[in-house]
Amino acid sequence: MTATPSNTAAELRAATVGFDGLFANELEQARETFASGESPFHSLGLGVCAFLEAALGMETGLMAEASRLLALAEAGAKKQLKFAKSSDKATQFPPGTEWELLHSDAVILLGLTHALSESYMGYLQCLYAMNSAHTKFTKLYKTVYPNGLENYATPAASSANSRAASIRSEASGASSQLTAPKPAKSGFFSRFTGASLTVPTTPHVPILAEDGSVDELVLSGTAFGYGLFNLVFSLLPAKIRGVVGFFGFNHDRKLALQALAVSAAKTDVHAVFAGLSLMTYHGVVLLLSGYQANEAHIIKQYRAIVDKLESRYPTGSLWILNRAKILRMSYDPEGAIKVLQDGLVPGRPHTFAQADGLLIFELAWTLFSQRRYQEAADAFIRVTEINSWSHATYYFIAAGCYISLHNYEKAQELLDRIPDLIDKKKIGGKDLPTEVFIKKKLAFYKEKQAALTGSEANYAHAAKISPAEELGIFWNTHSRITRETAIDHLKDWATCLNPPPTFETDLLKEHVPPPAVPTDKSTIATDTADELAIRALLLGIVHRTAGDYPGSHAFLSDAEARQPSVKVSTWVGGVAWFEHAVLDLKEMEARSTSGIGVDADDWARVLKGALEKLDKALGLATQQVDLSSRLDSRIAMLKDEIALKKEMLGIAP
């Protein structure tokens, strides 16, 4: 049935009830609502439910159903679009704009669903869909926002020298001029087609739309889709960005964040997804970039979005999750743990298992960061009951927790199950990146145990540093912890290997007694070069967290120097150079906020040195190095923060 302007609005309102249920953790209620209607809005709602289940839980079994439902939504929107072009306008925009938007929504979600398969064909299908949706959203943006986004409301007003994405709120009455973005470099095909995700902006009067109207859907959805494209492409690893750029995709991260913020200020379903996208981005930057040019501003923006969505959907796991992340990023881990535990109590709605799985995963890492190893191990194993993504990884981390507890029997029990778990979970014939890392670590422990005892049996005893702590480096677990926790780590790691550290730091002198002189040195085995390099890296990180910057410099330099002797953990050198760049920036930030005289020239030297260290890190992050794509992304994020700091200080790029 084709839709008239009046029943289009009614169908949108009816489908919105389903999305409200979805965001409030009432997944079954949402499905019932979507199944009760036949409009493309309802079809898209069913597809979104299946997509979120598949994406949040990496549930490969749900991907086919998500693809089927999204294909139905795409076909329905396409049919309505054809009819609308010869009908009366339903919005302030050209006839059919609302269906063009819905069709684009379905196409991009369908493409992302293909990518979840992690297969070669899936990635090709995703690229094809992205190319199609990119063209559609660029056209929509130019139609709906011909003069750009300035003067549209956003969830929180910006402060001086803040990210350009957070322009002023219309209701605030405070003016904040946004510099027009520079045109992005064209990709290969865009030279001929003119396709670009960056459009010059000029001041204008914003278009007004009633909450819940089709007009609002168009305004919010266009800003969301346009912003999401820019943001996703800007976050791709450098090597992939080069390939994507060849196909004509360009990105402008500032404009992306601005567009998402404009969408997030609305009330429709796109506004919720825009808020979720911004929360995810802010959370990733706070967790993984290592240093933020304006951390307080990020947290302010992050909190404003969470406040808005949590007040609207107080039982929604996704907003509870981000409330906890803000507390963790604000150095209140115990507060974060309480929020997460409260969100998992039996009395709350729990029909959206994959969203609850994210709460458990975040709880597990937060407990782990607080050295509450038994509770963390239990939580990581509990995650395997919720989703099917890499049970081997969760078992490996849980085993590491038991190693920290010196419960080697339980650790060995979990480690023994990992090879079968990896074989069962192969996707596209390949191991996941974390599982490649895990297989190397297991082989390393077995080889070391055999060298020490003549047998691989009980090889968990060979792990002197918990493998969970090693993986924790990639999740930046040791940076957002209290000083007391950092010192507890330091006491363990400074005494677990032989030989002990060869130099002293203020923290070591204060908290670690000098090692006893052995009476018979011939009976003491020397630990491996890999372990000594990992120890140096970990001690460098926790010295920085505890505020001992000279000690951190010493240990990170030691880790860098040990890179040539490392045999298995070849990732150490690149990560050490990255963490050293973070150290330089954090040390300079501490100097500038402590009243010590620091000028722009001082900052310019530090920023230049940090970029040089990041180039060294990137040079070591080759495809053969474990989890190199994660380091690549972290480097890109930190470079963005450095660029922003230069802009704030008036330093030339």
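Look up a bit, the structure's there.
Reading the values: the criteria
- Position numbers for residues start from 1 in each chain and track the written sequence from start to end.
- In keeping with the predicted nature of the model, local features appear solely for residues at pLDDT of at least 70, side-chain atom pairs appear and are counted solely at 80 or more, and the whole-chain, interface and lining totals rest on all residues.
- No hydrogens and no water enter the side-chain calculation; it runs on all heavy atoms of the structure.
- Strands here mean DSSP runs of E at least two residues long; helices mean DSSP runs of H or I at least four residues long; both are numbered from the N terminus.
- Three labels apply to residues, based on accessible area from a 1.4 Å probe with only protein chains included: buried if under 20% of the type maximum, exposed if over 50%, partly exposed otherwise in between.
- It only takes one pair of heavy atoms within 4.5 Å for two residues to be counted as in contact.
- A fitted line through C-alpha atoms serves as each axis, taken over the contacting stretch for helices, and the angle formed by two N-to-C directions is quoted from 0 to 180°.
- Working definition: roughly parallel below 35 degrees, roughly antiparallel above 145 degrees, roughly perpendicular at 65 to 115 degrees, and oblique for all remaining angles.
- Handedness of each helix crossing follows the sense of rotation of the near helix against the far helix: counterclockwise by less than a right angle gives left-handed, clockwise gives right-handed.
- Just so you know the grouping, Ala, Val, Leu, Ile, Met, Phe, Trp, Tyr, Cys and Pro go in nonpolar, Asp, Glu, Lys and Arg go in charged, and all remaining residues, Gly too, go in polar.
- Any two rings among Phe, Tyr and Trp, with Trp reduced to its six-membered ring, count as a pair given centres within 6.5 Å; such a pair is stacked if its planes are under 30 degrees apart, edge-to-face if over 60, and tilted if neither.
- To be clear, the arc concerns the directions from the helix axis to the C-beta atoms.
- What makes a nonpolar core is a set of buried Ala, Val, Leu, Ile, Met, Phe, Trp, Tyr and Cys residues whose side-chain atoms join them at distances within 4.5 Å.
- Each reported salt bridge corresponds to a side-chain nitrogen of Lys or Arg within 4 Å of a carboxyl oxygen of Asp or Glu.
- The length a helix should cover is 1.5 Å for every residue beyond the first.

1. Quick notes on the overall build of the protein
Then comes step 1: Across its full length, the protein carries 27 helices and zero strands.
Then comes step 2: Expressed as a percentage of the 653 residues in the protein, the buried residues total 57%.
Then comes step 3: In the protein, of all internal contacts separated by at least 6 residues, the share reaching a separation of at least 24 is 69%.

2. Details of the packing of helix α19 (residues 433–453) against helix α20 (residues 467–474)
Then comes step 1: Two elements in contact, α19 and α20, have axes separated by 12 Å at closest approach and are oriented at 150°. Classified by the angle their axes make, α19 and α20 are roughly antiparallel. Along this stretch, α19 crosses α20, giving a crossing that reads as right-handed. Here Phe437, Lys441 and Tyr445 of α19 come into contact with α20, specifically with Pro467, Glu470, Leu471 and Phe474.
Then comes step 2: Residue classes in the contact of α19 with α20 are distributed as five nonpolar, no polar and two charged.

3. A short note on the packing of aromatic side chains
Then comes step 1: According to the stated counting rule, one finds 25 aromatic pairs in the structure shown.
Then comes step 2: Note on Phe19 and Phe34: the rings are 4.8 Å apart at their centroids and 65° apart in plane angle, and the pair reads as edge-to-face. Residue Phe19 is located in helix α1 (residues 5–23), and its partner Phe34 is located in helix α2 (residues 27–35); the two are separated by 15 residues in the primary sequence.
Then comes step 3: Ring centres 5.5 Å apart and planes at 85° place the aromatic pair Trp365 and Phe368 in the edge-to-face group. Taken together, the positions of Trp365 and Phe368, both in helix α15 (residues 353–369) and three residues apart, correspond to about one turn of that helix.

4. What to know about the packing of helix α17 (residues 391–404) against α20
Then comes step 1: Put simply, α17 and α20 touch, their axes get as near as 7 Å, and they point 125° apart. Between α17 and α20, the crossing angle belongs to the class labelled oblique. Packed against α17, whose contacting residues are Thr393, Phe396, Ile397, Gly400, Cys401, Ile403 and Ser404, the element α20 presents Pro467, Ala468, Glu469 and Leu471 at the interface.
Then comes step 2: Residue composition of the contact of α17 with α20, by class: seven nonpolar, three polar and one charged.

5. Considerations on helix α16 (residues 373–383)
Then comes step 1: All of the buried residues in α16 are Tyr373, Ala376, Ala377, Ala379, Phe380 and Val383. Looking down the long axis of α16, one finds its buried residues gathered within 165° of arc, a one-sided arrangement.
Then comes step 2: Each element contacted by the buried residues of α16 is listed here: α15, α17, α20 and α21 (483–493).

6. Points about the nonpolar core
Then comes step 1: One finds Phe380, Ile418, Leu537, Trp571, Leu585 and Leu638 to be the most contacted residues of the largest nonpolar core, which totals 105 residues.
Then comes step 2: Filtering out sequence-adjacent residues up to four positions away, Ile418 remains in contact with Ala392, Tyr395, Phe396, Ile438 and Leu442.

7. Topic: the pattern of salt bridges
Then comes step 1: For the structure on display, the rule yields 30 salt bridges.
Then comes step 2: Residue Glu375 is joined to Arg372 by a salt bridge in which the shortest nitrogen-to-oxygen separation is 2.8 Å.
Then comes step 3: What makes Glu375 partly exposed here is its relative accessible area of 35%.
Then comes step 4: For Arg372, a relative accessible area of 24% gives the class partly exposed.
Then comes step 5: Two residues, Glu579 and Arg544, come together in a salt bridge whose shortest N-O distance is 2.9 Å. On the criterion of sequence distance, the pair formed by Glu579 in helix α25 (residues 572–593) and Arg544 in helix α23 (residues 529–545) is long-range, its members being 35 residues apart.
Then comes step 6: The buried category is assigned to Arg544, whose relative accessible area is 4%.
Then comes step 7: Taken together, the salt bridges that share partners define one network made up of Lys448, Lys464, Asp527 and Glu531.

8. Re the side chain of Thr366
Then comes step 1: Inspection of the secondary structure puts Thr366 in helix α15.
Then comes step 2: According to the relative accessible area criterion, Thr366 is buried, its value standing at 0%.
Then comes step 3: Apart from the residues within four sequence positions on either side, Thr366 is in contact with Arg328, Pro333, Ala336, Ile337 and Leu340.

9. Thoughts on the environment of Ser404
Then comes step 1: Residue position: Ser404 is located in helix α17.
Then comes step 2: In this structure Ser404 comes out as partly exposed when scored by relative accessible area, which is 23%.
Then comes step 3: Spatially, the C-alpha atom of Ser404 lies 8.9 Å from that of Ala468, the residues being 64 residues apart in sequence.
Then comes step 4: Excluding residues that lie within four positions of it along the chain, Ser404 makes contacts with Tyr373, Ser466 and Glu469.

10. Thoughts on unusual backbone geometry
Then comes step 1: In this structure, the amide linkage connecting Asn498 to the following residue, Pro499, adopts the cis form with an omega of 0°.
Then comes step 2: Mapping Pro499 onto the fold places it in the loop between α21 and α22 (506–511).
Then comes step 3: In this model, His406 sits at a positive phi of 60°, which is unusual for a non-glycine residue.
Then comes step 4: Structurally, the position occupied by His406 is in the loop between α17 and α18 (408–424).
Then comes step 5: One non-glycine residue, Asn458, lies in positive phi territory at about 60°.
Then comes step 6: Within the secondary structure layout, Asn458 lies in the loop between α19 and α20.

11. Describing the environment of Leu110
Then comes step 1: Assignment of secondary structure puts Leu110 in helix α5 (residues 97–116).
Then comes step 2: When its relative accessible area of 13% is taken as the criterion, Leu110 is described as buried.
Then comes step 3: Leu110 sits 39 residues away from Ala71 along the chain, and the two C-alpha atoms are 7.2 Å apart.
Then comes step 4: Sequence-distant contacts of Leu110, that is, excluding residues within four places in its chain, are made with Ser67, Leu70, Ala71 and Glu74.

12. As for helix α3 (residues 40–57)
Then comes step 1: The terminal C-alpha atoms of α3, which comprises 18 residues, lie 25 Å apart, in line with the 26 Å expected from a rise of 1.5 Å per residue.
Then comes step 2: Burial within α3 is extensive, with 16 of its 18 residues counted as buried.

Keep in mind these values describe shape, not function.
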